[in-house]
Each structure stands twice: as structure tokens, then as C-alpha cells.
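Chain and residue survey
As a plain string of letters, each chain reads:
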Amino acid sequence: MIFIGLYLTVGLICFITNNGKNRMPRKIACIVIFIYMQLLIGLRNINYGGVDTQVYARDFMRIVNQNYSFFDIFSGFFKDFGFYLFAKLFSLFSSNMNAWIFVSALPYTVGVTWLIYTYSENIFISFIMFLSYGFYLYNFQLMRHVFALGIIILAFKFLQEEQYKKYFITVIIATFCHTIAIIFLGAYFVQKGKIGAKQLGWVIFGGILVLCISQPAILSILFKVLPFLGGDRFSKFQTRGGSLTGDFIIQLFFICICWYYLNVKGYQNNIKKNNANVKYINYSNGKIILSKKNNKFFPHYINMTGLLNMAILGYVFYLMTIAIRESYRMAQYFSLFTILLVPNTLVYIKNKNIRYLLYLIIVLFGIKHFFGGLFVEGGVYNPYVFYWQATQRLY
């Protein structure tokens, strides 16, 4: 029920505030949704949703109980010392592991809320996509990953503003917290490139190929013909029963729709002045200039071509999860920004029937995807457990 309440809150507050068309209602909607999301991710029991949170909680208590020095942090947690350096700094003020879990989630929830508030043309669709497509619930236990993603959102801001030194420094800081974050340096190289029909065709072909290979019957044959594939990584995906299919298809669907309207329809090169006090300047000639009128909120300019390229790159990494589990996290450093790409593309579709049909698909499939995973037999995310509702055990 608690997650149903979250979805109802998103729908209701966006309806009441007219989907954040005006500045103050937009702030109110984003703050309300942020509070709900933060309470759930921050007040969870450490035994909820898998074992990773228990590991991080145990590491934090080691830092507290064994009075780790800053030198011990560098030597004991060298690979991701930035995250544990934060844990050490926090331990100077509090030894409560639940308070630390709550605070360590803030960069991510604050970052995502700011991202949607600042850039999204449709905050309802952005929040629904964030909640539904693997960016929220399934990241509860990935604390280092989430902490670094929060920093990467700041790097994304600098990238959009072409402040490349700040972008580079921010990515390096995120890398100190989670090594995989260094992959976001690739966003610089795809920011201004253009994916043509031929390249998109190869992406579609790769998606179809992986979909075929990932089916249990095909994997079973491959394991018999090529027994060396029957290792831990591949065999885990064999037992998933083809559950990746829906994820692959919906992401590819988003990419194809956005590519069509950005490249075939070419709306980005034909943004028109739709307000007497707002002047649009094409990205190739400069940055957007914004001003207020009647308290309306105009989302900040964003490089849509770069967003599309990042979504495609994220999809390629996601396809690799059939063999390399870590690719899922790598993919999120790029695919997270589809929560902006999709609504900011669809808003310019002139045919309202098509636009609302696509919105409906996003919402309905998203709800199915979220609650289908939540209530799966043997799942670890239902029911939700607050930290005070059950004994917390460190293994």
C-alpha cells in the first residue's frame, strides 16, 4: 500500500498543481514528491530489499566502533574511499546507522527532484518514469551507486552549461565514491554527435539479437553447446525466465520514438518563440535565454541530441547485462536522463491523440513494470519495512 500511495501522491499533486506549469505550484509538487521518496529510501530497514544495505551498514559500524582514522579509510576502502570518507565525516556527528543511510540517500533524491524541476517539460511523466523504470526502488540497496549518481547529476548540469572543467572535476569526485562513475566522462563525447538511421538500425538489431539469446530455451541450448558459458554470470540470467524482455523492448521503444521526432521531424531545430518574453536560441549558436511572464515556469534549455545519444549508449550497456551484471549500473549513468528525454520530446508532438496515447503507454507499462516486480513471488521488496518495524541484523 505504501508504494500505491506514492503513485497516487504523484498523480494527485501533479493534477492539483496543473503539472507544475507555474513556478510556485511546480516547486510545491516537486517538494511533496521528494519528501515521500526520501522517507521511503531513507527510513527503510537495513534487511529490506537484499543484502547490500546490510554490508554498507556493517562497514559504517566498523568505522564507528573501531574508530577508523582518515588514513584507515584510505587504506581500508581505497577503491571507493570517497563514499566511506563521507561515512567517516558523518560518524563525527552521529553513530546512528539509520541516520547515515537517510542522509546518504539525499544527494540522489535531491538531485533527481532538482533535475525534473529544472529541465522537465512534464514533471508527471518524469516522476512516473523515474519510479517505474528501475531508477528508484531497485536502487535502494545500491548505496554507493546512488550516492555517486547524485553527484553525476551535478556533472550533467555543468555539461549542459558547457562548463567542462567543472564537469570533469565533478565526475572525478563521483568516481572516488563509486569507480564505475568514471564512465560518465563518455557523455562529453556523445553530447554533440548525431545518430543516423544506419547506426540506429544496428542498435535495433543488437536489441533483437539479445532478446532472442536471453530467452531460457535459447540459453539452455547455448549452455549445452558451449559449456563454458554455464558460469555464475550467465546461469543467473538463465533462471530469470526471459524477464529482461519487457525492459529491452520498452527502452528501445522510447529510443525509436524520440529518435523519430528529433531527427525525422527535427523539432529541436525548429523551436519557435511561444512567448513574448522568451527568446529561444539554437544550441549551435548559444544558450537559451529565459525570462518570466505571469509566473509561468519555462524549463531550462537542454541538449536533446545529447540526451538521445546518452539514452542509446545506456541501452547498449543495458543489453550487456545478459553477460555482465555490472553493466546495469553502468547503463544507469546514461539512461537515467531518459526521464527528461521522453517528456521533453513528446511535448512537441502536435497530434494530441498520439501524444496522449504515448503518455498512456508510459504510465500503464510503468505501473505494470513496477508492481509486477514488486509483487513477484519470492521478491524482496514487498512488504516495505521501516527500520523500527523489525529487528535489524548485521551479518
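The shown structure was predicted, so the numbers you read here are calculated from the model rather than taken from an experiment. (Residues numbered from 1 in each chain as written. Predicted model: local features only at pLDDT ≥ 70, side-chain atom pairs only at ≥ 80, totals over all residues. Heavy atoms only, no water.)

Turning our eyes to something else, we now look at the overall build of the chain. Summing up its helical and strand segments, the chain has 19 helices and 0 strands in all. About 18,500 Å² of surface is accessible on the chain, with carbon and sulfur atoms providing 66% of the total. (Helix = DSSP H or I, 4+ residues; strand = E, 2+ residues; numbered from the N terminus. Areas by Shrake-Rupley, 256 points an atom, 1.4 Å probe, with all protein chains shown as cover.)

Not every positive phi belongs to a glycine, and Asn18 is a case in point at roughly 55°. The residue Asn18 is located in the loop between helix H1 (2-16) and helix H2 (23-42) in this model. Here Asn67, not a glycine, exhibits a phi torsion of approximately 50°, which is positive. By the element assignment, Asn67 lies in the loop between helix H3 (52-65) and helix H4 (70-76). A relative accessible area of 58% means that Asn67 is categorised as exposed. (Buried < 20%, exposed > 50% of the residue type's maximum accessible area, 1.4 Å probe, protein only.)

Structurally, His178 can be placed in the loop between helix H10 (164-177) and helix H11 (186-190). Looking at His178, its side chain comes within polar contact range of the side chain of Tyr333, at 3.3 Å. Excluding anything up to four places from it in sequence, His178 contacts Asp80, Arg144, His145, Ala148, Arg329 and Tyr333. (Polar contact = N/O pair within 3.5 Å; in protein donor to acceptor, adjacent residues only side chain to side chain. Contact = heavy atoms within 4.5 Å.)

The next point concerns the confidence of the model for the chain. For the chain, per-residue confidence averages 80 on the pLDDT scale, and residues scoring 70 or more make up 80% of the total. For the chain, the element scoring lowest by mean pLDDT is helix H14 (residues 232-238), at 49; helix H7 (residues 106-119) scores highest, at 94. Taken as a whole, residues 237-242 scores under 50 in pLDDT and shows 13 contacts with residues more than four places along the chain or in a different chain. Counted against residues more than four places away or in other chains, residues 269-293, with its pLDDT under 50, gives 40 contacts. (pLDDT = per-residue confidence, 0-100.)

The next point concerns the pattern of salt bridges. Any two side chains of opposite charge can pair, given that their charged atoms come close. This model, assessed by the stated rule, comprises 4 salt bridges. Taking the shortest distance from any N to any O, the salt bridge between Asp59 and Arg62 comes out at 3.1 Å. Linking Asp59 with Arg62, this pair stays in helix H3, spanning 3 residues, or about one helical turn. Note that Asp80 and Arg144 form a salt bridge whose closest N and O atoms lie 2.1 Å from each other. Here Asp80, found in the loop between H4 and helix H5 (81-91), pairs with Arg144, found in helix H9 (residues 143-160); they are 64 residues apart in sequence, far enough to count as distant. The exposure class of Asp80 is buried, given its relative accessible area of 2%. (Salt bridge = Lys/Arg side-chain N within 4 Å of Asp/Glu carboxyl O.)

Between the first and last C-alpha of H1 there are 21 Å, a value that for 15 residues agrees with the 21 Å anticipated at 1.5 Å per step. Those residues of H1 that fall on the buried side of the exposure criterion are Phe3, Gly5, Leu6, Tyr7, Thr9, Val10, Ile13 and Cys14. (Expected span 1.5 Å × (residues − 1).)

Take Ser104: it is sitting in helix H6 (residues 97-104). With 39 residues separating them along the chain, Ser104 and Met143 place their C-alpha atoms 7.4 Å apart. Contact partners of Ser104, with chain neighbours within four places excluded, come to Phe86, Met143 and Phe147.

Now for helix H8 (residues 123-132). Burial runs high along H8: 9 of the 10 residues are buried. Turning to H8, its buried residues number three or more, namely Ile123, Ile125, Ser126, Phe127, Ile128, Met129, Phe130, Leu131 and Ser132. Residue Gly134 follows H8 closely and has a positive phi angle near 85°.

Looking now at the nonpolar core. Taken as a class, soluble globular proteins show a tendency for nonpolar side chains to be buried jointly. Counting 115 residues, the largest nonpolar core has Phe130, Tyr136, Phe156, Phe184 and Ile339 as the members making the most contacts within it. Leaving out residues up to four positions away in the same chain, Phe130 has contacts with Met37, Tyr108, Val112, Phe135, Tyr136, Leu336 and Ile339. (Core = buried A, V, L, I, M, F, W, Y, C linked by side-chain atoms within 4.5 Å.)

What follows concerns a nonpolar patch on the surface. Among the surface-exposed residues, Phe70, Phe74, Leu89, Leu92 and Phe93 lie close enough to one another that they form a single nonpolar patch of about 530 Å² accessible area. Assignment of secondary structure puts Phe93 in the loop between H5 and H6. (Patch = residues over 30% accessible without salt bridge, like charges linked within 9 Å, V, L, I, M, F, W, Y side chains within 5 Å.)

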